[in-house]
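Observations on the three-dimensional arrangement
What follows is each chain in one-letter form.
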Amino acid sequence: MGRLLATQKRLQILILLVAGSLVALGATPQAHAIGYTLTTSVARTQESNTPGVVLTLNVTGASVSTTYKFTWVVTDPTNHNANAANQTTTTATQTSFVLSVDYPSQFGGTNIDYVGNYTVNVQENNPVSIPSVATGRFLVGLTDSISYARTSTASIVASGYANNSPVTLNISHQGSPAPGYPKTVTASPTGTVSAGWAIPASVPTGIWYVSLLPAKSIADNQTITILAANVTIPRLNIAQATLQRMQTQSFSFDASYPNGSSVRVGSGQITITESNGTTLPLQATYNSTLSAFSVLYRVPISAPTGVWTAAIQSNAFNDGYGNLGPIAILSGSFSIDAINITISQLNIGQVSLARTQAQTVSFKATYQNGIQVQTGSAQVTMTETDGTTSFSTQAVYNSTLGTFHASYRIPPDSETGAWVASIDADAFNDGFGNLGPSASVVRAFTVVAANLTVSASIPGQTYTLGQVVPIYAIIVFPDGSLFRSGNVTAVLSSATAQIGTTSLTFVPGQSQWVGTYTVKSGDPSGLLLVTLKVIDSYGNGGQETVSAIINVPPPAPAQQPLDLYYFLLAALAIGSGGSGLLLVRRINPTHGGFDEFFRLTGGEIPTGTTLLILGEPGSGSSTLTQELIHHQLEKGGRCGLLTYDAFPSEVSRAMRSFGWDPTLNLSDGTFKILDCYSALAGAENAPIRDPVDFTEISIQVSSMIEKASPKPLTLVVDSITPLFNSAPSRTVINFLRVVSAKLKSNNGILMLTAAKGSIPEEVRSNLETTVDGVVDLSIIHSGQSVIRRLTVSRLAGRKISSEPTEFDIVPGKGILFRKLRIPLGIISPKRKAD
């Protein structure tokens, strides 16, 4: 029994021991499951004991009332270990607590003198010994940051140098030192070096090297990264909220670096967006006067109106070194309006003018900024005397005159009296929507009835009893247009009394008025005065007097049908026999002047006429055109000659041989010879390289017409035969039609000479239908003499004399037409061709 009890007691003791062991085993794992976290106040610091680095240990899962003891060890880049001067001990009052120490101040005289990696180890000494419960690290460098934007300042601190000793500081990039480096810095009395580098905006970005000498056991070397600076632009300034076309908008902005200093280099792009979405880039540069970046933009005259925007896009500014800005888009808006146009004065060509004359109106238009307008048009209103009837014409810009110009022909049936020319408000538009004037501009003038020009003619001969006296009249308004309707009365009178009257009728096919008067037995012989009186229903009128010779013999026996003069002359010739007739025939012919040509053509060649002169070789076609040129120049006209058959010097020499020296006219520009012959003759340096370059010839003709203005040009092409030999017939005819149209539109005259037989018949027929008139010249050799004849085949709008008329070419005189002193066939000389 006692043995049993002893055994049970031993078992109980054993159970207690086992339980105690289990408790002890359970306590130890609980202690080592505690959590430890080590942190540093900074991850990186400079070589300086101040402010130092605070090391913090955060303990979680601690046993309450248990005493904890730790040792802190910091190893610097030289592998020197420093322990905290006083080991940290604490008794846990709760399951978590925090312990901290300051490095290096609590580490027994240790300094932060080296760049590099500093490692921290915390070991637990109580309640259990653990070599390392937590580790950490921090870095030490020379600068307060490892990267900098340009213009910021890098702080450099290093320690561990001899007190008050000189230290060499260098900052470099790819072997090139920064401006002002290396330089010497004196250490403080405690051996500390402090410096600052204000980083220029222009230095290269990338890796830079910072170093100090003399060297320590761990050299003071470090790299830093330089980044481009962000340029700050607070706002985009727009000078005017609203402006007109042609005005100038100003844009400006301030720019600064991160250090607050102003940017004064580089440029920024400002993008303008018009109201229609079109974008325009502008480049703003620094303006030292404004101390800001600025750019001016003059709004074009054609710019769309409405709201525009201006913006600086992100990073659209660059200082020239790669420093960009702004970070975000800056924008603003402004409005564009049309510009007003000013017309200060309306000028008129004539203060007083007659019906059918053209009133010219001119003016200068300027924009509000004083620039002259040169585009667009204005509606000019002409208001009659009644104040209600008005007509409109369009004024457009004339670059030659430098003004806007319009012309209005006063109708022949318009009212006479005071008229007004006006441009109403906003009646002018420059083509871009800019309008003017702001108020009407007016100018008064007077219109009077037209004084008609009457050109009357009666064929020059003596009219006898029973003969019809034809009366012709071309009547024109002041502007040269034909008078076609009205009353034209011819009053016939002698020197002492009125004989009678007759009315004239307008013949459209002849473009003239025609009337007749039959000589009566009671009419007095002698000078017959014919006064044409013209009037229409609107009061336009005119008058002219012409004359004719009439011979009304007294009653005579029936066997005496001839006038006594002719009878006696015929009797003398017949009574004398053959010798008498021969004598009279010899003295009967005489010469008439060149005016005989205009008798054949029914008057002067009318303006707007194209005349074809066809002649056989030697018939005198060139001489005829040269005399026509001389005739026009004598009248004060303007003439031109395209010569394809002779050199200009030969033309001048020929004209001088007839007494028509063109030297003065050639020098003053009233006569122009275009040499197309030299190129045909193969001469070097010919003024016209290609005589069938019709584009160039047309330009030259246009120049002649323009220089002759306001007078019409008479142009001769002598001869067109070489053209048909050098170019296709269709091309030549088209060219001649173009030249004819140019001259007709300017009231000019075109005369073309051609050699008979040199042009194919079908081409000649086509050409004759193109022109307004045809003159034929022929030549016949009769023995030792030469017979030349001129025939006016047709001339549009004229009553012509188409009988062949002989003429001679006389040196010093030109063309003289042959005529008879006594127009009787029996005593006319007989000229026969071989």
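Residues numbered from 1 in each chain as written. Predicted model: local features only at pLDDT ≥ 70, side-chain atom pairs only at ≥ 80, totals over all residues. Heavy atoms only, no water.

1. Some thoughts on the overall build of the protein chain
The test is simple: Runs of E in the DSSP output that reach at least two residues are strands. Runs of H or I that reach at least four are helices, and both are numbered from the N terminus. Remark: exposure states derive from per-residue accessible area (1.4 Å probe, protein chains only) relative to the maximum for the residue type, with buried under 20%, exposed over 50%, and partly exposed in between. Note on definitions: a residue-residue contact is assigned when non-hydrogen atoms from the two residues lie within 4.5 Å. All accessibility values rest on the Shrake-Rupley procedure with a 1.4 Å probe; residue burial counts only the protein chains present in the view.
Helix and strand counts for the protein chain come out as 12 helices and 58 strands. Counting all 834 residues of the protein chain, 41% fall into the buried class. Long-range contacts, defined here as pairs at least 24 residues apart, represent 65% of the contacts in the protein chain between residues at least 6 apart. Accessible area for the protein chain stands at about 40600 Å²; split by element, carbon and sulfur atoms hold 53% of it.

2. Quick word on the pattern of salt bridges
Here is the rule: By definition here, a salt bridge exists when the distance from a side-chain nitrogen of Lys or Arg to a carboxyl oxygen of Asp or Glu is within 4 Å.
Overall, the coordinates contain 12 salt bridges when judged by the stated rule. With a shortest N-O distance of 3.5 Å, Glu806 and Arg789 are connected by a salt bridge. Of this pair, Glu806 sits in strand β57 (residues 805-810) while Arg789 sits in strand β56 (residues 785-795), placing them 17 residues apart in sequence. The partner of Arg818 in a salt bridge is Glu806, with the nearest N and O atoms 3.2 Å apart. Taken together, the residues span a long stretch of sequence, with Arg818 in strand β58 (residues 814-820) and Glu806 in strand β57 at a distance of 12 residues.

3. Brief notes about the packing of helix α11 (residues 729-745) against helix α12 (residues 761-770)
The criterion, for reference: In this analysis an axis means a line fitted to C-alpha atoms, helices contributing only their contacting stretch, and an angle means the value between N-to-C directions, from 0 to 180 degrees. Relative orientations are named as follows: roughly parallel for angles under 35 degrees, roughly antiparallel for angles over 145 degrees, roughly perpendicular for angles from 65 to 115 degrees, and oblique for any other angle. For this classification, the nonpolar set comprises Ala, Val, Leu, Ile, Met, Phe, Trp, Tyr, Cys and Pro, the charged set comprises Asp, Glu, Lys and Arg, and every other residue, Gly included, is treated as polar.
α12 packs onto α11 with a crossing angle of 10° between their chain directions and a minimal axis gap of 11 Å. Judged on the interaxial angle alone, α12 and α11 are roughly parallel. Residues Ser729, Ile733, Leu736 and Arg737 of α11 form the contact with α12, whose own contacting residues are Val763, Asn766, Leu767 and Thr770. Considering only residue class, the contact of α11 with α12 consists of 4 nonpolar, 3 polar and 1 charged.

4. Let's talk about the sheet that holds strand β3 (residues 53-60)
As a reminder, the rule being used: A pair of strands counts as paired when DSSP detects no fewer than two bridges linking them.
The strand order across the open sheet built from 3 strands is β1-β3-β7, with neighbouring strands paired in antiparallel fashion. Strands at the two margins of the open sheet, each flanked by one partner only, are β1 (35-40) and β7 (97-103). Taking each pair of neighbouring strands and ignoring which way they run, the sheet shows an average axis angle of 15°. For β3 and β7, the ladder comprises 7 bridges, and the chain directions are antiparallel. Note that in β7 the partner of Val59 across the bridge is Phe97.

5. Some words on the sheet that holds strand β42 (residues 468-476)
Read from one edge to the other, the open sheet built from 4 strands follows the order β40-β42-β46-β45, with strand pairing classed as antiparallel. Each edge of the open sheet is held by one strand with a lone partner, namely β40 (453-457) and β45 (505-507). With strand direction ignored, the average angle separating the axes of adjacent strands in the sheet is 30°. Summarising the sheet, β40 and β42 pair through 5 bridges and their orientation is antiparallel. Note on β42: the bridge partner recorded for Ser455 is Ile474.

6. Topic: the nonpolar core
When a protein is soluble and globular, its nonpolar side chains tend to lie buried together. Let me state the cut-off plainly: What is meant by a nonpolar core is a set of buried Ala, Val, Leu, Ile, Met, Phe, Trp, Tyr and Cys residues, joined one to another through side-chain atoms within 4.5 Å.
Grouped together as the largest cluster of nonpolar side chains are 34 residues, with contacts concentrated most on Leu612, Leu642, Ile697, Leu715, Ile720 and Leu752. Those elements giving two or more residues to this core turn out to be β50 (610-615), α9 (694-708), β53 (713-718), α10 (721-726), α11, β54 (749-755) and α12. If we ignore the near neighbours within four places in the chain, the residues touching Ile697 are Leu642, Tyr644, Leu674, Cys676, Ile688, Pro691 and Phe735. Membership of the second largest hydrophobic core comes to 31 residues, among which are Phe594, Phe658, Val792 and Leu795.

7. Topic: the pairing of strand β9 (residues 130-141)
Where strand β2 (residues 44-46) meets β9, 3 bridges bridge the pair, whose relative direction is parallel. Bridging across to β9, Arg44 finds its partner in Leu139. Note: strand β8 (residues 116-126) against β9, 8 bridges, orientation antiparallel. Within β9, the position partnered with Glu124 by the bridge is Ile130. Counting the residues between successive antiparallel strands, the hairpin from β8 to β9 contains 3 residues.

8. Notes on the packing of aromatic side chains
The criterion, for reference: In this scheme Phe, Tyr and Trp rings, the latter by its six-membered ring, pair at centre separations within 6.5 Å, and the angle between planes marks the pair as stacked below 30 degrees, edge-to-face above 60, and tilted otherwise.
This structure, assessed with the given rule, holds 34 aromatic pairs. Note on Tyr286 and Phe293: the rings are 5.3 Å apart at their centroids and 70° apart in plane angle, and the pair reads as edge-to-face. Given the relative accessible area of 22%, Tyr286 is considered partly exposed. For the ring pair Phe363 and Phe428, a centre distance of 6.2 Å and an interplane angle of 85° mean the geometry is edge-to-face. Of this pair, Phe363 sits in strand β31 (residues 358-363) while Phe428 sits in strand β37 (residues 428-429), and the two are 65 residues apart along the sequence.

9. Points about α11
Applicable threshold: Here, expected helix span is obtained from the residue count minus one, scaled by 1.5 Å. It is the directions from the helix axis to the C-beta atoms that the arc portrays.
The end-to-end C-alpha distance of α11 is 24 Å, a good match for the 24 Å that 17 residues give at a rise of 1.5 Å each. Residues Val732, Ile733, Phe735, Leu736, Val739, Ser740 and Leu743 constitute the buried set of α11. The buried residues of α11 occupy an angular sector of 160° when projected down its axis, which confines them to one face. Residues of α11 that are exposed and point more than 90 degrees away from the buried face comprise Arg730 and Ser745. Of the surrounding elements, those touching the buried residues of α11 are β50, α9, β53, α10, β54 and α12. Just downstream of α11 lies Asn747, where phi reads positive at about 60°.

10. So, helix α5 (residues 621-634)
Owing to its 3.6 residues per turn, the α-helix brings residues three or four apart onto one side. With 14 residues, α5 should reach 20 Å at 1.5 Å per residue; the first-to-last C-alpha distance of 20 Å fits that figure. Taking burial as the measure, the 14 residues of α5 include 11 buried ones, the bulk of the element. Along α5, the positions that sit buried rather than exposed are Ser621, Thr623, Leu624, Thr625, Gln626, Glu627, Leu628, Ile629, His631, Gln632 and Leu633. Just downstream of α5 lies Gly636, where phi reads positive at about 90°.

11. Quick notes on the environment of Glu604
Quick reminder of the rule: Contacts described as polar in this section are N or O atom pairs within 3.5 Å, which, within protein, must combine one atom able to donate a hydrogen with one able to accept it, while residues neighboring in sequence count only if both atoms come from side chains.
As for its position among the elements, Glu604 is in the loop between α4 (595-600) and β50. Overall, Glu604 belongs to the partly exposed group, its relative accessible area being 31%. When residues no more than four places from it in sequence are discounted, the contact partners of Glu604 are Phe598, His631, Lys635 and Arg798. Here the side chain of Glu604 touches Lys635 through a polar contact of 3.4 Å, side chain to side chain.

12. Here's the deal with the pairing of strand β47 (residues 526-535)
Where strand β43 (residues 487-493) and β47 come together, 7 bridges link them in antiparallel fashion. Counted as the bridge partner of Asn487 is Ile535 from β47. In this sheet, strand β48 (residues 541-551) lies alongside β47 in antiparallel orientation, the contact comprising 10 bridges. Directly across from Leu527, in β48, lies its bridge partner Ile549.

13. Some remarks on the side chain of Asp76
Checked against the element boundaries, Asp76 lands in the loop between β4 (67-75) and β5 (81-83). A distance of 2.5 Å separates polar atoms of two side chains, one belonging to Asp76 and the other to Thr78. Once residues within four sequence positions are removed from consideration, Asp76 is found in contact with Tyr114, Asn117 and Tyr118.

14. Here we look at the environment of Pro234
Positionally, Pro234 belongs in the loop between β17 (221-227) and β18 (237-238). Looking at Pro234, the relative accessible area reads 47%, which means it is partly exposed. Considering only alpha carbons, one finds Pro234 and Ser256, 22 residues apart in sequence, at a separation of 8.9 Å. Apart from the residues within four sequence positions on either side, Pro234 is in contact with Asp254 and Leu330.

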